[in-house]
Amino acid sequence: VQLQASGGGLVQAGGSLRLSCAASGITFSRYTMAWFRQNPGKDREFVAAIRYSGGSTYYADSVKGRFTISRDNAKNTVYLQMNRLKPEDTAVYYCAAKQWAIVSATRDSGYYDYWGQGTQVTVSS
């Protein structure tokens, strides 16, 4: 199983980035996909998730209205469109996958089976 995250970079506050996470080795349509982020010395923080059906999405309050998660099951890829970025969005962003995930555990990093390698997002003020 491999989750390959990409799309991070350096952007000014107010700018946008689009992260991608390409999955292989799994039946992608069975998996709830999520994005988490982490800074050094801090816990991994939930950002957004999209159910395996694609019909439901979940967001952290800190990104609601600015970030959008989506998926393309034909391409085995999940995306995170990040708009109106703020310096506090700076972190390493990780994608994660869980088969047949239950809704109540969606925001729990310990619940996910597979993780990507992370992509750095830096927002300058």
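Look a little higher up for the structure.
What you see is a predicted model; the values in this text were computed from it and never measured.

Trainee: Would you explain the packing of aromatic side chains in this entry?
Mentor: The description of an aromatic ring pair uses the distance of the two centres, along with the angle that the planes make with each other. One pass over the structure, following the stated rule, counts 7 aromatic pairs. Centre to centre, the rings of Y111 and Y112 are 6.1 Å apart; their planes meet at 85 degrees, and the pair counts as edge-to-face. Judged by its relative accessible area of 6%, Y112 falls in the buried class. The interplanar angle of 65 degrees and the centroid separation of 6.3 Å between the aromatic rings of Y112 and W115 together place this pair among those described as edge-to-face. Residue W115 is classed as partly exposed on the basis of its relative accessible area of 28%. Grouping aromatic residues by their ring pairs yields a cluster made of F36, F46, Y111, Y112 and W115. The ring centre of F28 lies 4.4 Å from the NZ or CZ of R71, which sits over that ring. If you follow K98 out to its NZ or CZ, it ends over the ring of Y111, 4.6 Å from the centre.

Trainee: Whenever I open this one, the sheet that holds strand β3 (residues 17-24) confuses me. Can you help?
Mentor: Within a sheet, adjacent strands bond to each other through the backbone by hydrogen bonds, running parallel or antiparallel. As summarised here, the arrangement of the 4 strands in space is β1-β3-β8-β7, forming an open sheet in which the pairing is antiparallel. Each edge of the open sheet carries a strand with a single partner, namely β1 (2-6) and β7 (67-72). For this sheet, the mean angle separating the axes of adjacent strands, direction not counted, is 15 degrees. One ladder, built from 5 bridges, connects β1 with β3; its direction is antiparallel. When the sheet's bridge partners are listed, A5 is paired in β3 with C21.

Trainee: How should the pattern of salt bridges be read in this particular structure?
Mentor: Side chains that differ in charge, positive against negative, can pair when their charged atoms come close. As enumerated under the stated definition, the model contains 5 salt bridges in all. E45 is paired through a salt bridge with R37; the nearest N and O atoms lie 2.9 Å apart. With a relative accessible area of 35%, E45 lands in the partly exposed category. Accessibility expressed as a relative area gives 5% for R37, which makes it buried. Salt-bridge contacts for R66 lead to D89; the nearest nitrogen and oxygen are separated by 2.7 Å. Of the two residues, R66 is situated in the loop between β6 (57-59) and β7 and D89 in the loop between β8 (77-82) and β9 (91-99); the sequence distance between them amounts to 23 residues. A single network of salt bridges, built from pairs that share partners, joins R37, E45, R66 and D89.

Trainee: Looking at this structure, how should I read the side chain of R37?
Mentor: Relative to the assigned elements, R37 resides in strand β4 (residues 31-38). A distance of 2.9 Å separates a polar atom in the side chain of R37 from a polar atom in the side chain of D89. Other than its neighbours up to four places away in sequence, R37 contacts D43, R44, E45, V47, S62, V63, F67, E88, D89, A91, V92 and Y93.

The rules behind the values
The residue count restarts for each chain, going from 1 along the sequence in the order it is written. Thresholds applied to this predicted model are a pLDDT of at least 70 for local features of residues and 80 or more for the giving and counting of side-chain atom pairs; totals over whole chains, interfaces and linings are not thresholded and use all residues. No hydrogens and no water enter the side-chain calculation; it runs on all heavy atoms of the structure. Centres within 6.5 Å make a pair out of two Phe, Tyr or Trp rings, where for Trp the six-membered ring is used; the pair is then stacked when the planes are under 30 degrees apart, edge-to-face when over 60, and tilted otherwise. Burial classes follow relative accessibility: with a 1.4 Å probe on protein chains only, a residue under 20% of its type's maximum area counts as buried, one over 50% as exposed, and anything between as partly exposed. Both a distance and an angle decide whether a charge sits over a ring: NZ of Lys or CZ of Arg must be within 6 Å of the ring centre and within 35 degrees of the ring normal. When DSSP finds at least two bridges between two strands, those strands are taken to pair. Strands are runs of DSSP state E lasting at least 2 residues, helices are runs of H or I lasting at least 4, and numbering of each runs from the N terminus. An axis is simply a line fitted to the C-alpha atoms; with a helix, the fit covers only the stretch in contact. Between two such axes, the angle follows the N-to-C directions and lies from 0 to 180 degrees. We count a salt bridge whenever a side-chain nitrogen from Lys or Arg sits within 4 Å of a carboxyl oxygen from Asp or Glu. Pairs of N or O atoms are called polar contacts if they sit within 3.5 Å, as long as, within protein, a hydrogen donor faces a hydrogen acceptor (for residues adjacent in sequence, only side-chain-to-side-chain pairs). Here, residues are in contact when the closest pair of their heavy atoms is within 4.5 Å.

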